[in-house]
Amino acid sequence: DKAPLSKSLLLVPSAISILLTLLFQHYQKFFTYNLQAVKEDFQIWRLVCGRTICLDLKDTFCSSLLIYNFRIFERRYGSRKFSSFLLGAWMLSALFDLLLVEITQYIFGITINSLPSGFLGPVFALFVPFYSSIPRVQVTQVLGHFSITNKSLVYILGLQLLTSGSYIWILALSGLLSGICYNSSILKVHRILCVPRWVAKIFSWTLEPVFSSAEPTNEVRVGMGATVDIQRQQRMELLDRQIMMSQVAQMRRQRQQQGGMINWNRLFPPLRHRHNANYQDHRPSEQGIPPPTEVSEEQVARLMEMGFSRGDALEALRASNNDLNVATNFLLQH
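On a predicted model such as this, the values are computed, not experimentally measured, just so you know.

## Observations regarding the overall build of the protein chain
Logical step 1: From N to C terminus, the protein chain includes 19 helices and four strands.
Logical step 2: Counting only residues that meet the buried cut, the protein chain has 36% of its 334 residues in that class.
Logical step 3: Contacts spanning at least 24 positions in sequence make up 72% of the contacts within the protein chain whose residues lie at least 6 apart.

This is the structure we're talking about:
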């Protein structure tokens, strides 16, 4: 939704790459990123073909997943500004490719005649705004020390793409440099390399109806998530909590049907007023209080996930002899 350019970049180059790999392999030579032909024979068309379509299906898969995750920028900035960023990053990364190849040959004596093909420079350039503007939300922890966030999968995909070829590090470095130059407004690049307004209107009239998608009507935004993915994660957490609450309510009804209405106030002291002075005056003496029951931390965590405080969860579990259902029913009714 609201990302027709990302959808077109996801579908069209991927389809052409698959067709070239499976059916039209004899046409792959026209899409190789041959720097020697560009520099010596001035075949500028190879820049367009070689820096648009991937000839390796692994690169196609990884770059498509990254474009899918980076669609958030088109939703945030609009299609025209997003396309301007891609155009500027594409042109700057082409220049940086040539410079890095010359620097590598001058320093290390390595002659590089061709680079991996595909829309890789702008994809790596999108990591710059992704790192600086997308909030980092922790999802879980591995071994208690390594944090897994909502951005970890994107970085893993970028690392996989980076290690897929021998000279792809040149494309990655040129893409990052172009993203930094465009995102930091060095030399006013964002004003020079931008899509004109009339071109954006033409594409919005012709191509946007083909690749646009209707806004999903069965999804309701929940919370204050900064992105659609975070909002969906919040929605799933809310749904899990509602399912848990409905299961607890069902167990409570079954218990009431079997044994009648349970007087919880008779079984437990009121937890909400445990700090009340009147209640403290009527407490039994410490000599008549049995030793506290050991409470399972896992059951305490489950009650806290349902929204109860740790103190209420501990007292309810101790009073119910670690019966999670009884403790939950009491906390829901009080």
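From this point, the discussion proceeds with the structure in view.
## Some thoughts on unusual backbone geometry
Logical step 1: The phi angle at F42 is positive, at roughly 55°, despite the residue not being glycine.
Logical step 2: With relative accessibility at 64%, the residue F42 sits in the exposed group.

## Comments concerning the nonpolar core
Logical step 1: Counting 43 residues, the largest nonpolar core has L66, F70, F73 and L115 as its most contacted members.
Logical step 2: Breaking this core down by element, the ones donating at least two residues are α2 (35-40), α4 (57-69), α5 (71-77), α6 (79-108), α7 (120-125), α8 (127-133), α9 (152-162) and α10 (168-183).
Logical step 3: If sequence neighbours within four positions are ignored, F73 has contacts with G78, F82, L126, P129, F130, S133 and I134.
Logical step 4: Counting 13 residues, the second largest nonpolar core, distinct from the first, contains L303, M306, A316 and L324.

## Quick word on a nonpolar patch on the surface
Logical step 1: The grouping of I18, L19, L22, L23, F24, Y27, F30, W45 and L57 at the surface amounts to a nonpolar patch, some 850 Å² of accessible area in total.
Logical step 2: Per-element accounting of the nonpolar patch gives the leading share, three residues, to helix α1 (residues 4-22).
Logical step 3: Relative to the helices and strands, F24 is located in the loop between α1 and β1 (33-34).
Logical step 4: With relative accessibility at 37%, the residue F24 sits in the partly exposed group.

## Notes on the environment of R75
Logical step 1: In this structure, R75 sits in helix α5.
Logical step 2: The class for R75 is partly exposed, based on a relative accessible area of 28%.
Logical step 3: Considering only alpha carbons, one finds R75 and P4, 71 residues apart in sequence, at a separation of 9.5 Å.

## Remarks on the pattern of salt bridges
It is possible for side chains of opposite charge to pair when their charged atoms get near one another.
Logical step 1: Across all of its chains, the model carries four salt bridges by this definition.
Logical step 2: A salt bridge links D56 to K58, with the shortest nitrogen-to-oxygen separation between them at 3.3 Å.

## Notes on the UniProt feature "transmembrane region" (unreviewed entry) in the protein chain
Logical step 1: Look at the UniProt record and you will see "transmembrane region" (unreviewed entry) annotated at residues 6-24, 85-108, 114-132 and 153-177.
Logical step 2: Between the C-alpha atoms that bound residues 85-108 there is a distance of 32 Å. The span itself is 100% helix and 0% strand.
Logical step 3: In residues 114-132, the share of helix is 63% and the share of strand is 11%. The end C-alpha atoms are 32 Å apart.

## Examining the environment of R46
Logical step 1: Mapped onto the elements, R46 comes out in helix α3 (residues 45-50).
Logical step 2: In this structure the C-alpha to C-alpha distance between R46 and T32, which are 14 residues apart in sequence, comes to 7.2 Å.
Logical step 3: Among all residues touching R46, those that are not within four sequence positions of it are K29, F30, T32, N34, A37, V38 and R51.
Logical step 4: Here the side chain of R46 touches T32 through a polar contact of 3.4 Å, side chain to side chain.

## Some details on the state of the cysteines
Note: disulfide means a covalent bond formed between the sulfur atoms of two cysteine side chains.
Logical step 1: For the structure on display, the rule yields zero disulfides.
Logical step 2: The cysteine C54 is free of any disulfide, with C62 supplying the nearest cysteine sulfur at 9.5 Å.

## Comments concerning the packing of aromatic side chains
Logical step 1: Applying the stated rule across the entire model yields ten aromatic pairs.
Logical step 2: Residues F70 and F127 carry aromatic rings whose centres are separated by 5.2 Å and whose planes lie at 85° to one another, so their mutual orientation is edge-to-face. In this pair, F70 sits in the loop between α4 and α5 while F127 sits in helix α8, placing the two residues 57 residues apart along the sequence.
Logical step 3: A residue is classified by how much of its surface remains accessible, and F70, at 0% relative accessible area, is buried.
Logical step 4: Considering the side-chain rings of F70 and F130, the 5.5 Å spacing of their centres and the 65° angle between planes classify their relative orientation as edge-to-face. Of this pair, F70 sits in the loop between α4 and α5 while F130 sits in helix α8, placing them 60 residues apart in sequence.
Logical step 5: These aromatic residues form a ring-pair network of at least three members: F70, F73, Y77, F124, F127, F130 and Y155.
Logical step 6: Directly above the ring of Y68 sits R71, whose terminal nitrogen or CZ lies 3.9 Å from the centroid.

Calculation notes
- Numbering of residues starts from 1 in each chain and follows the order in which that chain's sequence is written.
- Two thresholds apply to this predicted model, a pLDDT of at least 70 for residue-level local features and 80 or more for giving and counting side-chain atom pairs, whereas whole-chain, interface and lining totals are computed over all residues.
- The basis for every side-chain value is the complete set of heavy atoms in the structure, and neither hydrogens nor water enter the calculation.
- To qualify as a helix, a DSSP run of H or I must reach at least 4 residues; to qualify as a strand, a run of E must reach at least 2; elements of each kind are numbered from the N terminus.
- For the exposure calls, accessible area comes from a 1.4 Å probe over protein chains only, and a residue counts as buried if that area is under 20% of its type's maximum, exposed if over 50%, partly exposed in between.
- The criterion used for residue contact is that any of the two residues' heavy atoms lie within 4.5 Å.
- Only buried residues count toward a nonpolar core. Its members are Ala, Val, Leu, Ile, Met, Phe, Trp, Tyr and Cys residues joined through side-chain atoms within 4.5 Å.
- Like charges are joined within 9 Å and nonpolar side chains (Val, Leu, Ile, Met, Phe, Trp, Tyr) within 5 Å, but only among residues with over 30% relative accessible area and no salt bridge; these make up the patches.
- Surface accessibility in these figures is a Shrake-Rupley result with a 1.4 Å probe; residues are shielded only by whichever protein chains are displayed.
- The salt bridge criterion pairs a side-chain nitrogen of Lys or Arg with a carboxyl oxygen of Asp or Glu, the two atoms within 4 Å.
- UniProt positions are given in the numbering used here, feature names are shortened, and annotations may be inferred rather than shown by experiment.
- Here a polar contact is recorded for every N or O atom pair within 3.5 Å, except that within protein the pair must consist of a potential hydrogen donor and a potential acceptor, and residues adjacent in sequence are included only if both atoms are side-chain atoms.
- Disulfides are defined in this document as cysteine sulfur pairs within 2.5 Å.
- Ring geometry is summarised as follows: Phe, Tyr and Trp rings, the Trp one being its six-membered ring, pair when their centres sit within 6.5 Å, and such pairs are stacked at plane angles under 30 degrees, edge-to-face over 60 and tilted between the two.
- Comment: the charge-over-ring label is applied if NZ (Lys) or CZ (Arg) is within 6 Å of the ring centre and within 35 degrees of the ring normal.

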